[in-house]
Amino acid sequence: MFRATLRGFLAHKGRMLLSALAVLLSVAFVAGSLIFSDTVNRTFDRLFSSTSADVTVSPKEAFSEDDQFTSGEVPTLPAALLRRVAAVDGVADARIDVSVQNATVVDARGAQVGPTTGAPTIATNWSVWPRSPVRLTSGHAPHGGGEAMVDADTARKKHLAIGDTLRVIAQPGTFPVRITGIVTFATTNPGAALLFLDTPTSQTRLIGRSGVATSVNADALPGVSDAALKRRITAELGSGYDYTTQDEQAKSAAASLSTFLDVIKYVMLGFAGIAVLVGVFLIVNTFSMLIAQRTRELGLLRALGAERRQVRRSVLVEALLLGLAGSTLGLATGVGLAVGLIRLMGVFGMNISAAEMVFRWPTPVAAYAVGVLVTLVAAYLPARRAARVSPMAALSDVETSGSGRPLRIRAVGGAVLTVLAAAALGGAAASTDTSDAASLLGLGILLSLIAAVVAGPLLVRPVIRVLGGAFPRVFGPVGRISQRNALRNPRRTGATASALMIGLALVTGMSIAGASMSRSFDHEIDKTLGADFIVQGGSSYMPFTREITDRVRRVPGTGAVVTQRYAPVRLTLPSGRTAKVVGTAIGSGADDVLNFDYAAGNTARALAPGAISLDRDYATGHRLRIGSRVPALFANGRTATFTVRALTTQQGAIGGFDDAALMMGLSTAERYLPDSRDAALYVNAAPGTDTDALRASLEKTLKPYPQVEVRDQADYKALVRGQISVLLNLVYGLLGLAIVIAVMGVVNTLALSVVERTREIGLLRAIGLSRFQLRRMIRLESVVIAVFGAVLGLGLGLVWGFATHEVLALEGMAALAVPWPTVVAVVAGSVLVGLIAALLPALRASRMNVLAAIAHE
């Protein structure tokens, strides 16, 4: 049996090629993501381990660096701590670090010198120490306020040289520097741009006061462990600071990096999951058709004494061989994919050497587990079906997979699943709790997808009779034959169309959700935003220097200018637990530029000293009401107790980062966050001033500050839509892969169908069917199957989209939008998919020798 299995596999290897490609793609994305993340992690582990000090003393942090950056404050500690740290027993060397990531550096042309890919621009003081990640390779170190050094990668990309002049836009103000030296990375360049100043200039120009530092770093003497040195320094300085060893520093940095890596990893695993899901249908179809074509062969094996379990095992062994072959090729492809990703990171400034690629043992284990298990699971049902065929039924070529009892079972199962899916989706639409609604929505989508797959063959005959109803009239006998070919085996047609259905259903559902979100935000902006213009950073949450605010206020024709800042706080709720909230601080005159929707209170009460406003639903959920006292901890460690003086509806709170929609007055924020910076300016034109002229004046004034942009309502809407589009484009990329694999499934089904109908095709050719008519027949069959999948996908996607909209409405996104151009494109694309998928099978069928085809067994 094993020899027969092996020969059968080798005899049909061409027919299994497309199934192997589905396995290859899924394994490649799994292997590539693991290799890439392991390589980047290893590279940065080495970087952090080799460049971190043995012990680092930093300001006490109540929040993460992201929260501190949001407010614009730079946590500092006294530089005088350096002497105390250096005097600790066991310290070999100590130095202070004065660095910020909120400065903007521009060249003589006004172009931003820093990276635009999300990596930071780090302005820091220059110090020489053995573990420095950079070394001076040309020029000299900076001395005095007018000199600076840049890293070689930035100099090369931005065409900078020694002697060039730069402008540094920092929180205390803007100042010019001249490049006096170039430094080169001795380790991996993480993608950041580095600007080095001398220490006094870093303190006064970057932070705004002398005698401060952002950290104190200490190296241990030989024989002194990092943990021991940390204990000694802690005993000397007390509990008012954070202390981290080199290992802890490396782990913290790696944890921050993992957020970025997780995005790439999950995207690639999403591609792998889509490939697996759609590939299952392809593999099931392939093995079902191969078994149908080999009915006589299997019957002969049974007649010669092969048992059912041997036949079943034979089919599973073929699946195992397919899985092993696809996994091996997929693993090799995954290595190439990882190399491509590493090189892509180089384009974005993260220079990782592909020669240091990490290939750990979990990678091949995961690759083969995915490839082999998916193939075996997909082939199991066809294997059972093959084992159930009796020798006599097989020898008489009786059709065993058309309709009858299996379809009746499908009808019952599909009906039950449809009822359960409808109940879950209905529950999601009726729920008033967002988390419950989201859970029910996910369950409903899963159940409805399974129901559509199970019941798909039942819909083949009624739907395809309608879709192909015009074929006989338009294309004559060829159209009639193509329609009947699609109706011949409902299970096969349903499985082939299901692969397309999944991709198109997700495209439709996500398109409706995305369009509804965009329209809801548009309506909310129209309702809430009353300002003529908004001045914001390139990222809407990025704070900017107060120098920009002063310049905007002095622009001729400017009327009201209302400032907004972000204030990260940790609230202590009545339940006793704490909740981190990123609130907004609004200046006076808010009602002139923003339209708040209050459930209780008003703007004057909300922005009064010591007062805050909260979202009504958030307050109710946490047992807060008007007059409640709420203790709060700010990012810089200061504490306060606020009184709830107003409640807003969630829709009316613009600029909030979370469900709390916390808002306070600017004077309150300045009291507790004195070094915070403006994140947005709401600007109205003065009476009698043309808004277009004011915009031109604002843009001219802010031209030297490329980190900010002037936006009107239309620009703000476009910004929000662009953020939604980023997510949608990612999803469309995933679904594009699903559609590619689905096309492969249609190609495979048609190719195997052509082989299965060899004698029939020969007889048709013998009685006068031309090659052109034969190709048309196969193309029409492919198109009707593809459109059938599109119809199912559209119906399913519309249901998903409407249910998703009901869940989004709980978060204030109540507008419903159906992107009809996308719907039309889906239908037109399905016709194109059918035509493309039929090219090779139709060409192969038309080239058959007529006599050989008639004689085919």
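Residues numbered from 1 in each chain as written. Predicted model: local features only at pLDDT ≥ 70, side-chain atom pairs only at ≥ 80, totals over all residues. Heavy atoms only, no water.

Enquirer: I'd like to hear about the pattern of salt bridges, residue by residue, with values.
Expert: Scanning all chains against the criterion turns up 23 salt bridges. Salt-bridge contacts for K230 lead to E248; the nearest nitrogen and oxygen are separated by 3.1 Å. A residue pair is termed long-range when its members are at least 10 positions apart, and K230 in helix α7 (residues 226-237) and E248 in helix α8 (residues 246-293) qualify at 18 residues. Assessed through its relative accessible area of 22%, K230 is described here as partly exposed. One salt bridge in this structure joins E709 and R711, with 3.3 Å as the shortest N-O distance. Classification of E709 by relative accessible area gives partly exposed; the value is 38%. Each of D54, D93, R95, R131 and D219 takes part in a single network of salt bridges with overlapping partners. (Salt bridge = Lys/Arg side-chain N within 4 Å of Asp/Glu carboxyl O. Helix = DSSP H or I, 4+ residues; strand = E, 2+ residues; numbered from the N terminus. Buried < 20%, exposed > 50% of the residue type's maximum accessible area, 1.4 Å probe, protein only.)

Enquirer: Give a detailed account of empty space enclosed by the protein, specifying residues and quantitative values.
Expert: What the rule picks out here adds up to five cavities of 30 Å³ or more. Estimated volume of the largest cavity: approximately 90 Å³. When residues of the lining of the largest cavity are traced back to their parent elements, those giving at least two are α16 (477-488), α17 (490-528), α24 (713-756) and α26 (771-809). Tallied by class, the residues present in the lining of the largest cavity amount to three nonpolar, five polar and four charged. (1 Å grid on protein atoms, 1.4 Å probe; cavity = no way out; pocket = protein on both sides within 12 Å on 5 of 7 lines; lining within 4 Å. Points joined across faces, edges and corners; volume = space filled by probe spheres on them. Nonpolar A, V, L, I, M, F, W, Y, C, P; charged D, E, K, R; others polar.)

Enquirer: With reference to specific residues and values, describe the packing of helix α14 (residues 434-467) against α26.
Expert: Put simply, α14 and α26 touch, their axes get as near as 9 Å, and they point 155 degrees apart. In terms of axis orientation, α14 runs roughly antiparallel to α26. Between α14 and α26 lies a crossing of right-handed hand. Looking at side-chain class alone, the contact of α14 with α26 contains 20 nonpolar, three polar and no charged residues. (Axes fitted to C-alpha atoms, helices over the stretch in contact; angles between N-to-C directions. Parallel < 35°, antiparallel > 145°, perpendicular 65-115°, else oblique. Left-handed = near helix turned anticlockwise from the far one by under 90°.)

Enquirer: Would you mind going over the side chain of T603 in detail, with residue names and values included?
Expert: In this fold, T603 is placed in helix α20 (residues 603-606). For T603, a relative accessible area of 7% translates into the label buried. At a separation of 2.8 Å, a polar atom in the side chain of T603 contacts the side chain of Y598. In contact with T603, not counting residues within four places along its chain, are A590, D591, F596 and Y598. (Polar contact = N/O pair within 3.5 Å; in protein donor to acceptor, adjacent residues only side chain to side chain. Contact = heavy atoms within 4.5 Å.)

Enquirer: Report on the pairing of strand β1 (residues 55-59), specifying residues and quantitative values.
Expert: Judged by how many residues are buried, β1 sits mostly within the fold: five of five residues are covered. Looking at chain direction, β1 and strand β13 (residues 215-220) are connected through three bridges and run antiparallel. Residue pairing across strands places T56 opposite N217, the latter belonging to β13. (Pairing = 2+ DSSP bridges.)

Enquirer: Tell me about the nonpolar core, and name the residues and values.
Expert: In terms of nonpolar packing, the biggest core is built from 68 residues, with F36, I464, M501, I741, L774, I778 and L796 touching the most fellow members. Looking at this core, the element that brings in the most residues is α26, giving eleven residues. Ignoring anything within four residues of it in the chain, the contact list for I778 reads L750, V754, A838, P841, A842 and A845. Membership of the second largest hydrophobic core comes to 43 residues, among which are A103, L160, V224 and I233. (Core = buried A, V, L, I, M, F, W, Y, C linked by side-chain atoms within 4.5 Å.)

Enquirer: Describe the environment of R408, naming the residues involved and giving the relevant values.
Expert: Note on placement: R408 falls in helix α13 (residues 405-430). Sequence separation of R408 and A455 is 47 residues, and the distance between their C-alpha atoms is 9.9 Å.

Enquirer: Give a description of the side chain of T39 that names residues and reports values.
Expert: Position of T39 among the secondary structure elements: in helix α2 (residues 17-51). At a separation of 2.9 Å, a polar atom in the side chain of T39 contacts the main-chain amide nitrogen of V358. Leave out the neighbours within four places in its chain, and T39 touches I342, I352, E356, M357 and V358.

Enquirer: Residues and numbers for unusual backbone geometry, please.
Expert: In this structure, H159 is a non-glycine residue whose phi angle is positive, near 60 degrees. Topologically, H159 is positioned in the loop between α5 (152-158) and β9 (165-169). Phi at R623 takes a positive value of approximately 60 degrees, unusual for a residue other than glycine. For R623, the location among the structural elements is in the loop between α21 (616-621) and β20 (629-634).

Enquirer: Any chance you could break down the sheet that holds β1 for me, citing the residues and the numbers?
Expert: Read from one edge to the other, the open sheet built from four strands follows the order β3-β13-β1-β14, with strand pairing classed as antiparallel. Among the strands making up the open sheet, the edge pair consists of β3 (91-97) and β14 (241-245). Strand-to-strand twist across the sheet, computed as the mean angle between neighbouring axes with direction ignored, equals 20 degrees. Of the pairings in the sheet, the one linking β1 to β14 comprises five bridges and is antiparallel in character. Within the sheet, the bridge partner assigned to P59 lies in β14 and is Y241. Against the sheet, α7 makes contact with β1, β3, β13 and β14, and its axis sits at roughly 165 degrees relative to β14, the strand it touches most.

Enquirer: Would you mind going over the pairing of strand β19 (residues 611-615) in detail, with residue names and values included?
Expert: Counting buried positions along β19 yields five of five residues, so the element is predominantly enclosed. Relative to strand β21 (residues 639-648), β19 runs parallel, the two being bridged by five bridges. Bridging from a neighbouring strand, D615 pairs with T648 of β21. Note that β19 and strand β22 (residues 663-665) share two bridges and pair antiparallel. Paired with I612 across the bridge in β22 is M664.

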